[in-house]
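Letter by letter, the chains look like this.
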Amino acid sequence: METLAITNGDIYTPTYYGHGNLVIQGDTISAITKEQLPPSDEVIDASGCLVIPGLIDGLIHGGGGCDSMTGKVEDIETIARAHASDGVTSLVVGISSGSMEQINASLEAIAQVADEPMSDGSGIIGSYVEGKFGSLAKNGAQNAKYITPPNFEEFHAMWAASDGTLKVISVAPENDEDFQFIKHLAEFGIDAYNNIVIAMGHTNATYQQAMDAIDAGVTRATHTYNGMSGMHHRDLGALEAVLDHPNIHAELIVDEHHVKPFWGKHLIEAKGVSGVGLITDCTEHAGLSAEEWQKDAVYEARHDAFRLKDMVDSDTHKYIKDGAMWLDVGKPTERLAGAIITLMDGVRNVVEWGFSLEDALTMATLTPARNLGVEDRVGSIAPEKAADIVIVDDSLNVQKVILRGKVI
């Protein structure tokens, strides 16, 4: 088995280890040490650089110019390559509300890439059905026409289409009568559903409904603050339950548009780094330069926004404005639709908010790995873990990506 050594780097595991060396055998980390290493088949000198775990983005909707809901395997592969090149080595690929035919075709494509990992693309932890079982009152960018209450008929069809790779299912708990759906998945999730994660999102739940849903089995909050009731001093909702309950993982979009730094900082301070996972909720434009995505856009000066050629449907148009994707700019239905960054940009943002690199990396690696139940393999630099390693400079610019032991 070939051995790869990474030497002389400043190592974050994600906690700070210090100046040291890594040994990789095959696709697995075999040692982390400050001692001199024996000869290896390949050596990467990381002098002057930081060595960090590959990042985990727990909710994305595209990248590299491709959307996750086309049903095309090659589009999922392009998405995986785009994120891997920027140091995001594990992904959960989101599915928005749509027809069951579109959803199931998309789940099948994601499953194929998840089951047959690419040599040069991020590992796919699984898929994430975000909007199908949401609330019409908090649909946001989700197509309201296809939103339904949580139900087993559609869920089992999606589960079958995903070939067991459906990792996160998001629901509006107020639409789940007596929490039957949530309780069933919580009871049988490990044995029957491959340890599926139940999330609460696009919800108009009251504080008590949300608290009860967490007690019933919800362990994750879909893009906290966005598509969520609450933030009122008398009328408490799902947001306050996320802040109050210790047993729920809070996703945080870190593009500084979906959540302003003021509120992002307060969420992290309230939940701690073990309770917050950084995500992008990004669209197909993640990983593209402005020059690339502007090729397919028309600038509209009156809105100071770029209208994209692709349309969600006949009446709804996509725009890029102020560093994010929006729908229906200039209309009463104008709304934020997604980020256009990758997670390394988000980590950089969180460090600029005043958090340590250790804390920012923890929320982008180990914390999401634990919530998703994959911390035995990814999420940190340690012996017997997957050799998903990123070498960056002091500004977190990616210098090299090692994916399952291979330099890409």
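Up top you'll find the structure we're talking about.
(A) Looking closely at the side chain of E154. On the secondary structure map, E154 appears in helix 3 (residues 152–161). Given the relative accessible area of 17%, E154 is considered buried. Polar contacts involving the side chain of E154 include one to the side chain of K132, which spans 3.1 Å. Residues in contact with E154, not counting those within four places in the same chain, are M100, K132, F133 and T148.

(B) Region of the structure containing helix 2 (residues 100–115). Taking 1.5 Å per residue as the helical rise, helix 2 with its 16 residues ought to reach 22 Å, and the 22 Å between its terminal C-alpha atoms agrees with that figure. Of the residues making up helix 2, those classed as buried are M100, I103, N104, S106, L107, A109, I110, A111, V113 and A114. Looking at the buried residues of helix 2, the elements they touch are helix 1 (73–84), strand 9 (88–95), strand 10 (123–133) and helix 3.

(C) Spotlight on the packing of helix 9 (residues 343–352) against helix 10 (residues 357–364). Viewed as axis vectors pointing N to C, helix 9 and helix 10 meet at an angle of 145 degrees, and their least axial separation amounts to 9 Å. Remark: the crossing between helix 9 and helix 10 carries right-handed chirality. Where helix 9 abuts helix 10, its residues L343, V347, V350 and V351 lie against L357, A360, L361, M363 and A364. A breakdown of the residues in the contact of helix 9 with helix 10 according to their chemical character gives nine nonpolar, no polar and no charged.

(D) Spotlight on the pattern of salt bridges. Applying the stated criterion to the full structure yields eight salt bridges. Put simply, R377 and D27 hold a salt bridge, and the shortest N to O gap is 3.4 Å. Linking R377 in the loop between helix 11 (366–372) and strand 21 (389–392) with D27 in the loop between strand 2 (16–25) and strand 3 (28–33), this pair joins segments that are 350 residues apart in sequence. Judged by its relative accessible area of 35%, D27 is partly exposed. Across the pair D120 and R81 runs a salt bridge whose closest N-O atoms are separated by 3.0 Å.

(E) The arrangement of the side chain of T283 in detail. Looking at where T283 falls in the secondary structure, it is placed in the loop between strand 15 (276–279) and helix 8 (290–294). On the basis of relative accessibility, which here comes to 5%, the residue T283 falls in the buried class. Once residues lying within four places of it in the same chain are set aside, the contact partners of T283 are H61, G62, G63, M325, G338, A339 and I340.

(F) Layout of the packing of aromatic side chains. For the structure on display, the rule yields 11 aromatic pairs. On the numbers, 5.2 Å between centres and 85 degrees between planes, the contact of W293 with F306 is edge-to-face. Placement of the pair is W293 in helix 8 and F306 in strand 17 (residues 305–313), with a sequence separation of 13 residues. Pairing Y299 with F306 gives two aromatic rings, centres 5.0 Å apart and planes at 55 degrees, and the pair type is tilted. Using a relative accessible area of 42% as the deciding quantity, one classes Y299 as partly exposed. For the cation-ring pair, K34 lies above Y17, with the distance from its terminal atom to the ring centre recorded as 5.0 Å. One Lys or Arg, K321, reaches over the ring of W326 and ends 4.4 Å from the middle of that ring.

Each value, and the rule that gives it
The written sequence of each chain sets the order in which its residues are numbered from 1. Local features in this predicted model are restricted to residues whose pLDDT is 70 or higher, and side-chain atom pairs enter the listing and the counts only when it is 80 or higher, whereas totals over whole chains, interfaces and linings include all residues. Water and hydrogen atoms play no part in the side-chain values, which are based on all heavy atoms of the structure. Helix numbering and strand numbering both begin at the N terminus, where a helix is a DSSP run of H or I of at least 4 residues and a strand a DSSP run of E of at least 2. Accessibility here uses a 1.4 Å probe with only protein chains present; expressed as a share of the type maximum, an area under 20% marks a residue as buried, one over 50% as exposed, and anything in between as partly exposed. N or O atoms closer than or at 3.5 Å make up a polar contact, with two conditions inside protein: a donor-capable atom paired with an acceptor-capable one, and, for residues adjacent in sequence, both atoms drawn from side chains. Any two residues whose heavy atoms approach within 4.5 Å at even a single point are treated as in contact. What a helix is expected to span follows from its residue count: subtract one and scale by 1.5 Å. What counts as an axis is a line fitted to C-alpha atoms, over the stretch in contact for a helix, and the angles between N-to-C directions run from 0 to 180 degrees. Working rule for handedness: look at the near helix, and if it is turned counterclockwise from the far one by less than a right angle, call the crossing left-handed; if clockwise, right-handed. Ten residues, namely Ala, Val, Leu, Ile, Met, Phe, Trp, Tyr, Cys and Pro, are considered nonpolar, four, namely Asp, Glu, Lys and Arg, are considered charged, and the remaining ones, Gly among them, are considered polar. Salt bridge criterion: a side-chain nitrogen from Lys or Arg within 4 Å of a carboxyl oxygen from Asp or Glu. Side-chain rings of Phe, Tyr and Trp (the six-membered ring for Trp) are treated as a pair once their centres are within 6.5 Å; stacked means planes under 30 degrees apart, edge-to-face means over 60, and tilted covers the remaining angles. In this scheme, Lys NZ or Arg CZ marks a charge over a ring once it lies within 6 Å of the ring centre and within 35 degrees of the ring normal.

Without other data, these values stay purely geometric and don't point to any function.
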